[in-house]
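# Secondary and tertiary structure notes
Chain by chain, the residues run as shown.
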Amino acid sequence: MSTVETITKAVARLGNEPLSEAGLIEHIHPLFSRVLARNQRTDEIYLANHSLGRPLDALGDDVQECLDAWYTDIDGAWEVWIAEREAYRGRITLLIGCSRADAIIPKSSAGQGLRAVLNALPTAKPSIVATTGEFDSIDFILKAYHHKQRACVSWVGAGPSGLFNADAIIATISHETDLVVVSMIFFATGQMLGELDRVIRAAHEHGALIMIDAYHAFGTNPISIEQLGCDFLIAGNYKYTRGGPGACFLAIHPMHLSPTPGVPARDALFTTDTGWFAKEDTFGYHRTQSPALTDGGNAWLEATPPVITYYQARSGLALINAIGVDRLCAYSMKQLSSFEQMLGNAGINTRPLDHHGAFTTIAVNDGAGCIEKLKAAGVNADGRPCPTTGVFHIRFCPDLLSTENELAQAVERLSPIIRPIAVQH
Ligand SMILES: Cc1ncc(COP(=O)(O)O)c(C=O)c1O
């Protein structure tokens, strides 16, 4: 049975009800026997799912299938590899509400997606508005462009609480702005930006494009690039979708792609992050004076692609698509609030947020020390200093493999270690 069939059958046995721990243990946990065996072996409670998601058993077989095609068919493998690229793109469209698979451009990092867009903007030194809460990769790339005078970045800070608000971002957008870059859920605090739709509208009213970093929402929260109306979205698979590093993507709103497949959009945006897979006739080997791009989103492809990542991401994406993000999100919110309640009962307050992603945080003074002690006590979590306040937030993310019993044990283990500090709300 193929990976997708196995997953589809397992999920079908869950029924259409809201997810329950008992159902997950019976039908879904067996798909993860390798990582669950590790739990038994190490007695570790893994709560860093927001950082590196845990793989299904099938991931290893899927990667092997990619390699087997090479051993068996040598260059004939390209046909199945490219078919898998299309399946990869298709699986992502379902998670981000996108009607066209060619709007998904596989990338090896989210940062690569940002660079492709920066290198597509029509001005030599574009004006960018970004928040100081963007993930390090995004922050660093923007700083490098600014430093080399390839962009002029205006940074929007957070309030004293380290949280961002739409009004401050909107106030920084002007008619000079070419691109706005903002997270849907901020990596350090887990804050989901309220009124993202207003920010998108404001960018467009000022003639700017807008890119959403949806890494912490991809696979955990319902997203629709077409309903949101943002121009670009970046995310990847190594966290909640369990697809490992290297399987990232840039999504382009179909409004920027030629409407009719087969009809190149000559005036459409195109990027200098390009290569022969973006050519009109990749295997025709014709040379033209100016770059003759293929139609639609494929004009954003690059050079010879890495192919293993499509296989690596297959099982995780298939699982989430089969279960449905809505159900997963509802389960995750319930699980988080139960974990927060257990922590509260032990006198440990998590940081309350009106809207947040799949992890909760506890602010502490000695972040690095706490993480080390937690690891020693068998709780695997991680943390980041908030880029705006410097306050260290330990992040905890249970997932569908985490049980109530495990969460209760985690609270017992972390209670003697963590001394939360108060943060302004
Ligand atoms: C919000 C956000 N964006 C992007 C990334 C990853 O960026 P890149 O793939 O460029 O390393 C992360 C990783 O933790 C993240 O949290």
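Residues numbered from 1 in each chain as written. Predicted model: local features only at pLDDT ≥ 70, side-chain atom pairs only at ≥ 80, totals over all residues. Heavy atoms only, no water.

## Some thoughts on the overall build of the chain
How we decide: Secondary structure elements follow DSSP: runs of H or I no shorter than four residues count as helices, runs of E no shorter than two count as strands, and numbering proceeds from the N terminus. The buried label goes to any residue with under 20% of its type's maximum accessible area, the exposed label to any with over 50%, and the partly exposed label to all in between, with areas taken from a 1.4 Å probe on protein chains only. Here a residue-residue contact requires only that any non-hydrogen atoms of the pair lie within 4.5 Å. Each accessible area is a Shrake-Rupley result for a 1.4 Å probe, and residues are judged covered by the shown protein chains and nothing else. Residues counted as positive are Lys and Arg, residues counted as negative are Asp and Glu, and His and the chain ends are not counted. Taken as the charge location is NZ of Lys, CZ of Arg, CG of Asp or CD of Glu.
The secondary structure content of the chain amounts to 15 helices and twelve strands. Projected onto its principal axes, the C-alpha positions of the chain cover 70 × 55 × 35 Å. Relative to its full complement of 425 residues, the chain shows a buried share of 56%. Considering only residue pairs separated by 6 or more positions, the chain has 74% of its internal contacts joining residues 24 or more positions apart. With an accessible surface of roughly 18300 Å², the chain has 54% of that area assigned to carbon and sulfur atoms. Where the 33 positive side-chain charges of the chain centre and where its 45 negative ones centre are 4 Å apart.

## Brief notes about the sheet that holds strand β12 (residues 392-396)
Rules: Should DSSP find at least two bridges between two strands, the strands are regarded as paired. To define axes, lines are fitted to C-alpha atoms, for helices over the stretch in contact only, and angles between the resulting N-to-C directions are given on a 0 to 180 degree scale.
Across the sheet, three strands lie side by side as β9-β12-β11; this open sheet has antiparallel pairing. At either margin of the open sheet sits one strand with a lone partner, and together these are β9 (360-364) and β11 (382-385). With direction set aside, neighbouring strand axes in the sheet form an average angle of 30 degrees. As paired elements, β9 and β12 share five bridges and run antiparallel to each other. Across the sheet, residue Thr 361 finds its bridge partner in β12, namely Arg 395.

## Section: the packing of helix α1 (residues 3-12) against helix α12 (residues 314-323)
What counts, and what does not: Convention used here: angles under 35 degrees read as roughly parallel, angles over 145 as roughly antiparallel, angles from 65 to 115 as roughly perpendicular, and any remaining angle as oblique. Note on convention: the crossing is left-handed when the near helix lies turned anticlockwise from the far helix by less than a right angle, right-handed when the turn is clockwise. Think of it as three bins: nonpolar holds Ala, Val, Leu, Ile, Met, Phe, Trp, Tyr, Cys and Pro, charged holds Asp, Glu, Lys and Arg, and polar takes everything else, Gly as well.
Running from amino to carboxyl end, α1 crosses α12 at an angle of 30 degrees, the nearest separation of the two axes being 9 Å. When the interaxial angle is binned, α1 and α12 end up roughly parallel. The chirality of how α1 crosses α12 is right-handed. Contacts between α1 and α12 involve Thr 3, Val 4, Ile 7 and Val 11 from the first element and Arg 314, Ser 315, Ala 318, Leu 319, Ala 322 and Ile 323 from the second. Per-class residue counts for the contact of α1 with α12 are seven nonpolar, two polar and one charged.

## Some words on the domain arrangement of the chain
A common way to report how large an interface is uses the accessible area buried once the components associate. To keep it simple, the criterion reads: Domain start and end points were adopted from an automatic or database domain assignment. Note on definitions: buried area is the accessible-area loss of two parts on being combined, 1.4 Å probe, summed for both. Basic side-chain nitrogens of Lys or Arg form a salt bridge, by our definition, when they fall within 4 Å of a carboxyl oxygen of Asp or Glu. Each polar contact in these results corresponds to two N or O atoms within 3.5 Å; when the atoms are within protein, one needs to be able to donate a hydrogen and the other to accept it, and residues that are neighboring in sequence are counted only if both atoms are side-chain atoms.
Here the domain parsing of the chain yields domain 1 (3-55 + 324-414) and domain 2 (67-318). Look at where the C-alpha atoms of domain 1 and domain 2 centre, and you get two points 28 Å apart. Listed as interface residues are 35 residues of domain 1 and, on the opposing side, 30 residues of domain 2. Of the roughly 2500 Å² buried where domain 1 meets domain 2, counting both sides, 63% is carbon and sulfur surface. When the area that domain 1 buries against domain 2 is broken down by residue, the three leading residues are Val 325, Phe 359 and Thr 388, summing to 18%. For the pair domain 1 and domain 2, the interface holds one salt bridge. For Arg 242, the salt bridge identified is with Asp 399, shortest N-O distance 2.9 Å. At the junction of domain 1 and domain 2, the tally comes to nine residue pairs in polar contact (both at pLDDT 80 or more). Broken down by secondary-structure element, the contributors of at least two residues to the side of domain 1 that touches domain 2 are α1, α13 (325-345), β11 and β12.

## Observations regarding the pairing of strand β5 (residues 179-183)
How we decide: For a crossover, the right-handed case is the one in which the path from the first strand over the helix to the second runs clockwise, viewed with the strands pointing away from the viewer.
Within β5, five of the five residues are buried, which leaves the element mostly enclosed by the surrounding structure. Across the two faces of β5 the burial is the same, with Leu 179, Val 181 and Ser 183 and Val 180 and Val 182 all buried. In the sheet, strand β3 (residues 127-131) pairs with β5 via three bridges, with the strands oriented parallel. Residue pairing for β5: Ala 130 is matched across the bridge by Val 181. As judged from the five bridges shared by β5 and strand β6 (residues 209-213), these two strands associate in the parallel manner. Along β6, the bridge assignment pairs Val 182 with Ile 212. Between β5 and its parallel partner β6, the chain crosses via helix α9 (residues 196-205), and the hand of that crossover is right-handed.

## Let's talk about the sheet that holds β5
Taking strand neighbours across the sheet as the criterion, the seven strands line up as β2-β8-β7-β6-β5-β3-β4 in an open arrangement whose pairing is mixed. Edge strands, defined here as strands with exactly one partner in the open sheet, are β2 (104-107) and β4 (152-156). Pairs of neighbouring strands in the sheet enclose a mean axial angle of 20 degrees, with direction left out of account. By the bridge criterion, three bridges tie β6 to strand β7 (residues 232-236) in an arrangement that is parallel. The residue bridging Asp 213 from the neighbouring strand is Ile 234, located in β7. With respect to the sheet, α9 is in contact with β5 and β6, its orientation differing from that of β6 by roughly 150 degrees.

## Here we look at the environment of Ile 323
Here Ile 323 is to be found in helix α12. Taking C-alpha positions, Ile 323 is 9.7 Å from Ala 10, a pair spaced 313 residues apart along the chain. Among all residues touching Ile 323, those that are not within four sequence positions of it are Val 11, Leu 19, Leu 328 and Leu 400.

## Digging into the site of the ligand
Selection rule: We define proximity as follows: a residue is near a molecule or strand when any one of its heavy atoms falls within 4 Å of that partner.
Around the ligand, the structure places Ser 109, Ala 110, Gly 111, Phe 135, Ser 137, Phe 187, Asp 213, Tyr 215, His 216, Tyr 238 and Lys 239. With respect to the ligand, the side chain of Asp 213 contributes an N or O atom lying 2.6 Å from a nitrogen atom. Protein coverage of the free-state accessible area of the ligand, which is 400 Å², stands at 91%. When the residues that make up the shell around the ligand are grouped by side-chain class, the tally is five nonpolar, four polar and two charged.

## Things to note about helix α6 (residues 110-118)
The buried fraction of α6 amounts to eight of the nine residues, a majority that puts the element mostly inside the structure. Within α6 the residues assigned to the buried category are Ala 110, Gly 111, Gln 112, Gly 113, Leu 114, Ala 116, Val 117 and Leu 118. Backbone nitrogen of Gly 111 and a side-chain oxygen of the N-cap are separated by 3.5 Å at the start of α6; the cap is Ser 109.

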